[in-house]
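Close look at the chain arrangement
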Amino acid sequence: MEFELLLSLILLSLSAVFSLYRQFQMLQQNSYFAARYFKWIKGSFAVRTVVLAILFFAASFLLAAKIHIPLLILSALLFVTRIIICITVAKKSIKPLKFTGRVKRLFAASVLTLCLLAVLFGVFERSLAGEICYTLLLMFAILTPLLALFSKLICSPIEKAFNLYYINDAKKILRGMKNLTVVGVTGSYGKTTTKFILNRILSEKYNTVCTPGSFNTTLGVVRTVREMLKPQTQIFVCEMGAKQKGDIKEICDIVKPKCGIITSVGEQHLETFKSVDNVFNTKFELCDSIEKNGGVCFVNLDSPGIAERIGKKPFATPIGENTDYFVSDIKSGPLGSSFILHIKDTEISLKTKLLGRHSIADICAAAVCAFYLGVDEIDIKSAVAALTPTEHRLELKPYYNGSTLLDDAYNSNPEGCIEALRVLGSFEGMNKTVITPGLIELGSREYEANYNLGLACAEHADTIILVGKKYSAPIKEAVEKSDFDKSRLIEADSFKQALGVFLKYADKSSVLLIENDLPDNYLK
Amino acid sequence: MKINMAVFFGCRSVEHEVSIISAVQAMKSVNREKYNVLPVYVAKNGTSYTGDALFDIESYKDMPSLLKTLHPVTLLRENDRVVMRYLDNGFFKKNDDVAVDVCFPIVHGTNCEDGTMAGFFEYLGVPYISCDIISAAVGMDKKVFKDVLKAHNLPVLDCICFTAKEYRADSDAILDKLKREIGFPLIVKPVNLGSSVGISKVKEENALASAIDLGLSFADKILVEKAVNSLREINCSVLGTPDNCEASVLEEPVMSDDILSFGDKYLGGGKQKSGGSKGMASLSRKVPADLPDEKTKEIQDLSVKIFKALGCSGVVRIDYLLNNDTGEVFANEINTIPGSLAFYLWRESGVDYPELIDRLVDTAFYRQRKRDNLTFVYESNILESANLGGSKGQKGGKL
């Protein structure tokens, strides 16, 4: 094989490895679902894909025609471009690629595939087999999404074996802990906050562990069990997330919950669930499991998605208006909230620094559950008073140049977003700014939700900064229709740029609400 | 899964042997279904060892051969967990790290009970059974203890305190002051030792100087207070946390001398001839003390107040001086890790030894949970957002 050809192939293969950074990043952010990953490729990279396809045919032609110098130049150009793109992406991403074991295995599989094809090409250079090998090599090296998917395919049996081992290990650990009570928390919205509040209240009396951050997949739960449960742990508070039917049941079969909370049933992840009925049935897999294990499952009847369908699940214990467990006398302001919690005949008056009615609903569910698990009134009171907002969930923070930040970056719930704006509106006499890219993954209701968000922005904010165009168009439309001062509606290309706008005028009297800041794959 | 409990004892302290007795007793009473006990013996030179021989009191009689069977170990924090690591791992002989879930110091005296060990556990961030740094340190220094109690309007005897240097610079003036302001009989004690080491009761002037010299051989600071007439010693134990604690029944030690001596407490003195290895439990005493109910209640309430004033945790024993003529009660000292963990008092209060240990473990986890709920480290790096504005070197920008 000539030197130029060899060098071209090496450069092409190396360029592919750099290009894979972005591909695996997107695969990771799409939870390794091929379909969702494809949608990303289709949606945001159509032009680039076409360019790459042309490049592929050009390279195939050059190679077939044995015109090696232009091939080398082409490879070198691609190599340099991809390194630059890779470094830029790695530096600028909101969620950079995490080099987990799985990602490392994917990289290894890709490199092995490319090496194998190159060797085979060398061996069968002048035959049909050789031609197939170099076509495949070029295809994988240039059209890296195909290589990413191929690697995922050949890694999948290994991943399955690893997962099975981890799951069985977690089951063994849980079986060995006779005195452990598992509490499951699920719901379309509010489950992470409820989990942290419940864990905080329970920790007044018990040694508790909860799933960290928004770890809520089967493997996230398994990892928590294997790495964080201690021999003295008495209660494990387990957040359970679902993107499709059966997800909650799968987690329940591992952890066997004795108690649980379903915070809400709504329109999240409708793209994979198709209908709210499916969401309901999936969330209530927790209720079914608790019924089998003999415990209590509290469900929030104030969530319309639950109220409409609760008749189907007589086992569930409802919380909310017109039930035995509810809150009354809610008072809230910029400093926090106070309310009275009713648990059958017991009345507990509570104070908290948390803002928004949805937070009070979360506290109510958590406190009722903790009371059921034996935590005393006084302990509930002191824990609730000590609650600090979950990071990025309507979190009140001192910010740049004496300004105030209301960080609601993790919120993706339409009603929750509007509540956050209402809270922003309660900062009377201050200069109120909101930064938002809009709401996503709401299927057919996406337009309406963003339009309503726009109306709320216009009503409560003094300055609106929109990030990206893809999801924020309905917000803009709503704001423009209202009597909002158009000069205070600003569009920015990136979150950083948007923040820059605010920082220019940030001072003691300004408050900034950051609403639903999305990972990279949704922007643009 | 069992809870791995590292029991620390020994240490560089005059009460080294007492600690061994208390610890071996405790390790025998631990519920092995629930706990996996890791004995950590801190030798007099400060080296820590582990080994199965440490469970048997007989093996301590021949210290050189005991040490040969033990492995030197250390505790360290690695990746969010605390482990005990063997220091004599060779290429072929290798003992794995053992995770430590809770530390149980059963140590007495300076260099350990005085908050030193608590500080070590705080530094590691491991749950531990005993008072925290401040309460242990205050409990160790009899003068500071009196000062803190005075500030809380709790009853203590007035005292005069001086250092070795002050005394040696002008001993006559100090002796004169003691005679004038306190008078005989009086008690001379080193300010920071327990178990009656270096304490003497002085009835007349000519014995005073030698009593002070004895005291100064154990500590740099001496405390002198009036001896109580018609004295009865009463002890009370408190168990729990500042948020939730209770007092035990009272005991009255039977004295062979005017004050309870080290020999009485630990060397099998007193009337029982049961051998020298039972520690505080073998001392002659009346449990519960023969006192009227209201006096008992008064002392128990006082004990809980003292426990809270110092912010203690775990089990402590508070020793009182009772003037039998006037009924006056004075808090004399606190043992933040009492000999035999005062189990004999809790047994009489309806809490057997294994349950006592369970409750002690709960106090350790309770404190740890409280700490975990406070913010000590910000998860996010505040410096990250400092550059978000893109304006380099901007002055006066606050985060």
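This one's a predicted model, so the numbers in the text were calculated from it and none came from an experiment.

1. Points about the nonpolar core
Residues and elements named next belong to chain A.
- Grouped together as the largest cluster of nonpolar side chains are 107 residues, with contacts concentrated most on L198, I201, C364, A367, C369, A370 and C457.
- Among the elements that take part in this core, helix α15 (residues 357-372) stands out by supplying 11 residues, more than any other.
- Formed jointly, this core draws a minimum of three residues from each of two domains, domain 2 (177-386) and domain 3 (395-522).
- The residues contacting A367, other than those within four sequence positions of it, are I201, L341, I380 and V384.

2. A few points about helix α10 (residues 247-255) of chain A
All names here are of chain A.
- Listed in full, the buried residues belonging to α10 are D247, I248, I251, C252 and V255. For α10, the angular spread of the buried residues around the axis is 130 degrees, confining them to a single face.
- Here the buried face of α10 lies against α7 (144-175), β1 (181-186), α9 (218-228), β3 (235-239), α12 (276-283) and α13 (285-293).
- Of the residues flanking the end of α10, it is K256, one or two places downstream, whose phi is positive at about 45 degrees.

3. Structural notes on the environment of V329 of chain B
All names here are of chain B.
- As for its position among the elements, V329 is in strand β16 (residues 329-335).
- Exposure remark for V329: the 18 C-beta atoms within 10 Å place this residue in the partly exposed category.
- It is 9.6 Å that separates the C-alpha atoms of V329 and L302, two residues lying 27 residues apart in sequence.
- Once residues within four sequence positions are removed from consideration, V329 is found in contact with P155, E298, I299, L302, Y320 and L322.

4. Observations concerning the confidence of the model for chain A
- Looking at chain A as a whole, the pLDDT averages 88, with 97% of positions reaching at least 70.
- Contacts of residues 520-524 of chain A to residues separated by more than four positions or lying in other chains number 13 contacts, the stretch itself having pLDDT below 50.

5. Quick word on α15 of chain A
All names here are of chain A.
- Its 16 residues place the ends of α15 23 Å apart at the C-alpha level, agreeing with the 22 Å of an ideal helix rising 1.5 Å per residue.
- Most of α15 is tucked away, with 14 of its 16 residues classed as buried.
- Immediately downstream of α15, the backbone of G374 shows phi near 100 degrees, a positive value.

6. Overview of the pairing of strand β8 (residues 336-343) of chain A
Residue and element names in this part refer to chain A.
- With seven bridges joining them, β8 and strand β9 (residues 346-352) adopt antiparallel strand pairing. Looking at β9, one finds that H342 is bridged to E347.
- In sequence, β8 turns back onto β9 through a hairpin of two residues, with K344 there showing a positive phi of about 50 degrees.

7. Quick word on the confidence of the model for chain B
All names here are of chain B.
- The pLDDT averaged across chain B works out to 87; a share of 85% of its residues lies at or above 70.
- Contacts for the low-pLDDT stretch residues 268-277, under 50 throughout, to residues beyond four places or in other chains number 19 contacts.
- This complex was scored by the predictor with a pTM of 0.76 and an ipTM of 0.76.

8. A few points about the packing of helix α17 (residues 414-425) of chain A against helix α18 (residues 446-460) of chain A
Residue and element names in this part refer to chain A.
- With their axes 9 Å apart at the nearest point, α17 and α18 run at an angle of 5 degrees to one another. For the element pair α17 / α18, the angle class is roughly parallel. Packed against α17, whose contacting residues are P414, C417, I418, L421, R422, L424 and G425, the element α18 presents A449, N452, L453, A456, C457, E459 and H460 at the interface.
- Classifying every residue of the contact of α17 with α18 gives nine nonpolar, three polar and two charged.

9. Focus on the domain arrangement of chain A
Residues and elements named next belong to chain A.
- Along its sequence, chain A is carved into domain 1 (3-158), domain 2 (177-386) and domain 3 (395-522).
- Computed from C-alpha coordinates alone, the two centres of domain 2 and domain 3 are separated by 28 Å.
- Residue-level contacts link 13 residues of domain 2 with 13 residues of domain 3.
- Among the elements of the structure, α11 (270-273) and α15 are those that each provide at least two residues to the side of domain 2 that touches domain 3.

10. A short note on unusual backbone geometry
Residues and elements named next belong to chain B.
- Note the cis peptide between F184 and P185, where omega equals -5 degrees.
- For P185, the position within the fold is in the loop between α7 (171-181) and β9 (186-190).
- The backbone phi angle of L341 is positive, close to 55 degrees, even though this residue is not glycine.
- Within the secondary structure, L341 sits in the loop between β16 and α11 (343-348).
- Residue L341 is classed as buried on the basis of its C-beta count, with 31 C-beta atoms lying within 10 Å.

11. Describing the sheet that holds β1 of chain A
Residue and element names in this part refer to chain A.
- Here we have six strands laid out as an open sheet, ordered β2-β3-β1-β4-β5-β6, and parallel in their pairing. At either end of the open sheet lies a strand with only one pairing partner, and these are β2 (208-210) and β6 (317-319). Averaged over all pairs of adjacent strands, the angle between their axes in this sheet comes to 20 degrees, without regard to strand direction.
- Pairing between strand β4 (residues 259-262) and strand β5 (residues 296-300): four bridges, direction parallel. Pairing of C259 across the sheet is with V296, part of β5.

Calculation notes
- Residues numbered from 1 in each chain as written.
- Chains lettered and ligands numbered in written order.
- Predicted model: local features only at pLDDT ≥ 70, side-chain atom pairs only at ≥ 80, totals over all residues.
- Core = buried A, V, L, I, M, F, W, Y, C linked by C-beta atoms within 7 Å.
- Buried ≥ 20, exposed ≤ 12 C-beta atoms within 10 Å, placed from the backbone.
- Helix = DSSP H or I, 4+ residues; strand = E, 2+ residues; numbered from the N terminus.
- Domains from an automatic or database assignment.
- Contact = placed C-beta atoms within 7 Å.
- Arc of directions from axis to C-beta.
- pLDDT = per-residue confidence, 0-100.
- Expected span 1.5 Å × (residues − 1).
- Pairing = 2+ DSSP bridges.
- Axes fitted to C-alpha atoms, helices over the stretch in contact; angles between N-to-C directions.
- Parallel < 35°, antiparallel > 145°, perpendicular 65-115°, else oblique.
- Nonpolar A, V, L, I, M, F, W, Y, C, P; charged D, E, K, R; others polar.

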